[in-house]
Amino acid sequence: MTSMLCISRHTPSGNALAREALDTVLAAAAYEQDIKLLFMDDGVWQLLKGQQPSHINQKDITKNLSALPIFGVEEVYVHEPSLQSRGISRDSLSLNNVQLLTNEQTQALIASQQHILSF
Amino acid sequence: MSTLHTVNKSPFTDNCLHSCLLLCTNEDALLLIEDGVYGGTSQSPCAEDIRAKIQLGVSVYALKQDTLARGELQVLEGITLIDDKDFVRLSCEHQCIQSWY
Amino acid sequence: MIFTVVVLGAPYSSAANSTALRFCRAALEQGHTLKRIFFYGDGVHTGSSLSAPPQDEYKLTEQWQSLIRENQLDAIVCIAAALRRGVLDADEQQRYQKSAANLSQDFTLSGLGQLIEASATSDRTITFGA
């Protein structure tokens, strides 16, 4: 099993990257790789509760995000300074089984991987 | 294990160089590519942070072709200009490659 | 070393596309192996055989095609991303009853599993983001 980390850094609706990152993570889980997902920078907006993307004719990725554990993606991380700088509290996240990481913990996570999938 | 970070956006409009510098450890290397090379110029909003990283032992590079293509840039002292061959070599030397874009 | 290369930038729209091309060339020149090049997101447009740039411009998609052909590289275009963006091979053209197929014969449409499988069997994965 290969250790892989997907880093998702872009907003949920501005372009396709958020969805493409998520699809990649699900594919890695289907291939039984040791895949982890880290949200940072504008990627943390993906986790905000109450998104109604149908207003802009987009699918809701929140449902897929909440299905991650079902597909065997147990390790979902959020870069806490990215939340703080955007004024997002933990309570306003749509996922509760996420681990918040400091800069140092994020560095350690990155350093322990074999492959990074950058989105 | 160490990481090679590539950054391809100008820090005058995008925060990815800033985020990269936040997570770049002293064992890591930073390579500025495409519009990322503007981040390595003297008036870059990240100039001070880059100087500090270089002081701490981080190797900072800019892709030569991308730099030459963009005119007479004042590249910060301590940033090494490298070619595609060196880019490949750096990606071999580091376990992971994180692309900031 | 064995590399998996992910290309997310479209030719002409994003500098990432030509940076990726140069990286692949340099890696091969140094004797490295490209396990797979995976075109994803807007990168799928690289697979179009219909790109027709002005005479005096760099023929980016032709350069990709010849690199892939001459080195017998495995170039995968993500099928989900490609179908959304109108990059189709003959099978998909038939399946969706579209007026044309445009995928260059040097590329293959396939799923994200191809990216994961390549990464898992490579020493390095590098992404060229747009």
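Provided above is the structure to which this section pertains.
Note that the coordinates shown come from a computational prediction; the quantities given were computed from them, not determined experimentally.

Examining the pairing of strand β2 (residues 33-39) of chain C
All names here are of chain C.
Next up, step 1: Here β2 lies mainly inside the structure; 5 of its 7 residues are buried.
Next up, step 2: Pairing between strand β1 (residues 2-7) and β2: 6 bridges, direction parallel. Each bridged residue has a counterpart across the sheet, and for Val6 the counterpart in β2 is Phe38.
Next up, step 3: Alignment of β2 against strand β3 (residues 75-78), held across 3 bridges, turns out to be parallel. Each residue of the ladder has a partner; that of Ile37, found in β3, is Ala75.
Next up, step 4: Crossover handedness for the path β2 to helix α2 (residues 60-70) to β3: right-handed.

Structural notes on empty space enclosed by the protein
Next up, step 1: Using the criterion set out here, one finds 1 cavity of 30 Å³ or more in the structure.
Next up, step 2: By volume, the largest cavity amounts to about 50 Å³.
Next up, step 3: Lining the largest cavity, in full, are Thr6, Val7, Asn8, Ile33, Glu34, Ser99, Trp100 and Tyr101 of chain B together with Thr127, Phe128 and Gly129 of chain C.
Next up, step 4: Secondary structure elements with two or more residues in the lining of the largest cavity: β1 (3-7) and β5 (96-100) of chain B together with β5 (124-128) of chain C.
Next up, step 5: Partitioning the lining of the largest cavity into residue classes produces 5 nonpolar, 5 polar and 1 charged.

Regarding the packing of helix α1 (residues 16-23) of chain B against helix α2 (residues 47-55) of chain B
Residue and element names in this part refer to chain B.
Next up, step 1: Contact geometry of α1 with α2 gives a least axis separation of 11 Å together with a crossing angle of 25°. As the angle between them shows, α1 and α2 are arranged roughly parallel. Taken as a pair, α1 and α2 cross one another with a handedness that is left-handed. Where α1 abuts α2, its residues Leu17, His18 and Leu21 lie against Asp49, Ile50 and Lys53.
Next up, step 2: Tallied by class, residues from the contact of α1 with α2 come to 3 nonpolar, 1 polar and 2 charged.

Remarks on the pattern of salt bridges
Next up, step 1: Counting across every chain of the model gives 18 salt bridges over all chains.
Next up, step 2: Its salt-bridge partner being Arg89 of chain B, residue Glu93 of chain B comes within 2.9 Å of it at the nearest N-O pair. In this pair, Glu93 of chain B and Arg89 of chain B are both assigned in helix α4 (residues 84-93), 4 residues apart and thus about one turn of the helix distant.
Next up, step 3: Look at Glu93 of chain B and you get partly exposed, because its relative accessible area is 47%.
Next up, step 4: Its salt-bridge partner being Arg36 of chain C, residue Asp74 of chain C comes within 2.6 Å of it at the nearest N-O pair. Placement of Asp74 of chain C in the loop between α2 and β3 and of Arg36 of chain C in strand β2 is noted, with a sequence separation of 38 residues between them.
Next up, step 5: Classification of Asp74 of chain C as partly exposed rests on a relative accessible area of 26%.
Next up, step 6: For Arg36 of chain C, a relative accessible area of 8% gives the class buried.
Next up, step 7: When salt bridges that share partners are traced, they join Asp35, Asp66, Arg70 and Asp84 of chain B together with Arg22 of chain C into one network.

Here's the deal with the sheet that holds β5 of chain B
Residues and elements named next belong to chain B.
Next up, step 1: The strand order β4-β3-β2-β1-β5 describes an open sheet built from 5 strands, whose pairing is parallel. Edge strands, defined here as strands with exactly one partner in the open sheet, are β4 (79-82) and β5. On average, each strand axis in the sheet is inclined to that of its neighbour by 25°, with strand direction left out of account.
Next up, step 2: Sheet topology note: the β1/β5 ladder contains 5 bridges and is parallel. Bridge pairing in β5 places Thr3 opposite Cys96.

Each value, and the rule that gives it
Residues numbered from 1 in each chain as written. Chains lettered and ligands numbered in written order. Predicted model: local features only at pLDDT ≥ 70, side-chain atom pairs only at ≥ 80, totals over all residues. Heavy atoms only, no water. Buried < 20%, exposed > 50% of the residue type's maximum accessible area, 1.4 Å probe, protein only. Helix = DSSP H or I, 4+ residues; strand = E, 2+ residues; numbered from the N terminus. Pairing = 2+ DSSP bridges. Right-handed = clockwise from strand over helix to strand, strands pointing away. 1 Å grid on protein atoms, 1.4 Å probe; cavity = no way out; pocket = protein on both sides within 12 Å on 5 of 7 lines; lining within 4 Å. Points joined across faces, edges and corners; volume = space filled by probe spheres on them. Nonpolar A, V, L, I, M, F, W, Y, C, P; charged D, E, K, R; others polar. Axes fitted to C-alpha atoms, helices over the stretch in contact; angles between N-to-C directions. Parallel < 35°, antiparallel > 145°, perpendicular 65-115°, else oblique. Left-handed = near helix turned anticlockwise from the far one by under 90°. Contact = heavy atoms within 4.5 Å. Salt bridge = Lys/Arg side-chain N within 4 Å of Asp/Glu carboxyl O.

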